[in-house]
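Coordinate inspection notes
Each chain, letter by letter, is given below.
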Amino acid sequence: MSNPQAVTDHLMVELRDVNKWYGEFHVLKNINLQVKQGEKIVICGPSGSGKSTMIRCINRLEEHQKGDIIVNDVPLTEDLKNIELVRKDVGMVFQHFNLFPHLTVLENCVLAPIWVKKLPRKEAEKQAMELLERVKIPDQALKYPGQLSGGQQQRVAIARSLCMNPDVMLFDEPTSALDPEMIKEVLDVMVELAHEGMTMLCVTHEMGFAKTVADRVIFMDGGQIVEENEPHEFFENPQHERTQLFLSQIL
Ligand code: ADP
Ligand code: MG
């Protein structure tokens, strides 16, 4: 069997000279990024630097105005068919979980597989239970999100994304809304996912996570990628003044 951790040559996500404006405000400036299948990228940088915007452009929650974004060979354009295709391949986990509060954990997990993938309910439920087991909360399946801790809700959010069998997972500060004692249980799930070979782009300031799994760390500031390097070099030997300043503030 092939090594699930292996990075292949297939480009899963590619951003070429991507630019985006919010009105007059130039939020992403000539972003270039290539992510191969199986690679794990950590994105960090000060608040307001454009991290969320960049990550949200990759599944078209935000629209870029200039440049190319290509996900698993599909270019993101106005074409709704392409947007649908990309969204099927891309899972996303947000800071604030974004679970449906009026649906049980299990219903949250089977909704998209049943309605988008047309999976029979039985099959969708079986798969959801397997994934809830993987994130270690099968016993919470019939509860509502509000009855769960933040860490449990975030693990449901991860399981829910995985129910669509994504080829790439986007994480936008998945632990920053959590109480400290719950951060580890979510990071553990993310580390496991990384070891299983998932392609991952994670906006996070969890440097332990970055050092454990990241192939590359990207530092953004002012809508630009200022620096990128493998984690050891990035943390031990940051090149740019802005990176040094940022690291001195968070480490
Ligand atoms: P980060 O995730 O790095 O904190 P964001 O991508 O959220 O940064 O935001 C980058 C900049 O764009 C910030 O200055 C923010 O205020 C601005 N911004 C974000 N979303 C919008 C929006 N929907 N409309 C206008 N400005 C926005
Ligand atoms: Mg953000």
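It should be emphasised that the depicted structure is a prediction, and the values quoted were computed from it without experimental measurement.

**Notes on the overall build of the protein chain**
A tally of regular secondary structure across the protein chain gives nine helices and ten strands. Relative to the globule expectation of 18 Å for 251 residues, the C-alpha radius of gyration of the protein chain, 18 Å, shows essentially globular dimensions. Taken along its principal axes, the extent of the C-alpha atoms in the protein chain is 50 × 45 × 45 Å. Each of the 251 residues in the protein chain was classed as buried or not, and the buried ones make up 52%.

**Brief notes about the site of ligand 1**
In the vicinity of ligand 1, the residues found are Y22, F25, V27, P46, S47, G48, S49, G50, K51, S52 and T53. At a separation of 2.8 Å, an oxygen atom of ligand 1 approaches a polar side-chain atom of K51. At 2.8 Å from an oxygen atom of ligand 1 is found a side-chain nitrogen or oxygen belonging to S52. Burial of ligand 1 by the protein chains amounts to 58% of its free accessible area of 560 Å². When contributions to the shell around ligand 1 are tallied by element, the ones reaching two or more residues are β2 (25-36) and α1 (51-57). Of the residues forming the shell around ligand 1, the biggest block, three residues, is contributed by α1.

**Quick word on the UniProt feature "domain: ABC transporter" (unreviewed entry) in the protein chain**
What UniProt calls "domain: ABC transporter" (unreviewed entry) maps, in this numbering, to residues 13-247. End C-alpha to end C-alpha, residues 13-247 measures 27 Å, and it is 39% helix and 26% strand.

**Describing the sheet that holds strand β7 (residues 168-172)**
The sheet built from six strands is open, its strands ordered β6-β7-β8-β3-β9-β10 with mixed pairing. In this open sheet, the two edge strands, each paired with only one partner strand, are β6 (90-93) and β10 (224-229). For this sheet the average axis-to-axis angle between neighbouring strands, irrespective of direction, equals 20°. Taken together, the four bridges between strand β3 (residues 40-44) and strand β9 (residues 216-221) define a ladder with parallel strand orientation. From the neighbouring strand, V42 faces β9, where its bridge partner is V217. Contacts between helix α2 (residues 80-89) and the sheet are confined to β6 and β7, with β6 contributing the most and set at about 65° to the helix.

**As for the sheet that holds strand β1 (residues 11-22)**
Taken in spatial order, the four strands of this open sheet run β2-β1-β4-β5, and their pairing is antiparallel. Unpaired on one side and paired on the other, β2 and β5 (74-75) mark the two borders of the sheet. With two bridges joining them, strand β4 (residues 66-71) and β5 adopt antiparallel strand pairing. Residue pairing across strands places V71 opposite V74, the latter belonging to β5.

**Notes on the state of the cysteines**
Evaluation of the coordinates by the stated rule reveals zero disulfides. Looking at the unpaired C202, the closest cysteine sulfur is the one in C44, lying at 12 Å. Judged by relative accessible area, C202 falls into the buried class, the value being 2%.

Rules used throughout
- Residues numbered from 1 in each chain as written.
- Chains lettered and ligands numbered in written order.
- Predicted model: local features only at pLDDT ≥ 70, side-chain atom pairs only at ≥ 80, totals over all residues.
- Heavy atoms only, no water.
- Helix = DSSP H or I, 4+ residues; strand = E, 2+ residues; numbered from the N terminus.
- Rg over C-alpha atoms; globule rule 2.2 N^0.38 Å.
- Buried < 20%, exposed > 50% of the residue type's maximum accessible area, 1.4 Å probe, protein only.
- Near = heavy atom within 4 Å.
- Polar contact = N/O pair within 3.5 Å; in protein donor to acceptor, adjacent residues only side chain to side chain.
- Areas by Shrake-Rupley, 256 points an atom, 1.4 Å probe, with all protein chains shown as cover.
- UniProt positions renumbered as here; feature names shortened; annotations may be inferred.
- Pairing = 2+ DSSP bridges.
- Axes fitted to C-alpha atoms, helices over the stretch in contact; angles between N-to-C directions.
- Contact = heavy atoms within 4.5 Å.
- Disulfide = S-S within 2.5 Å.

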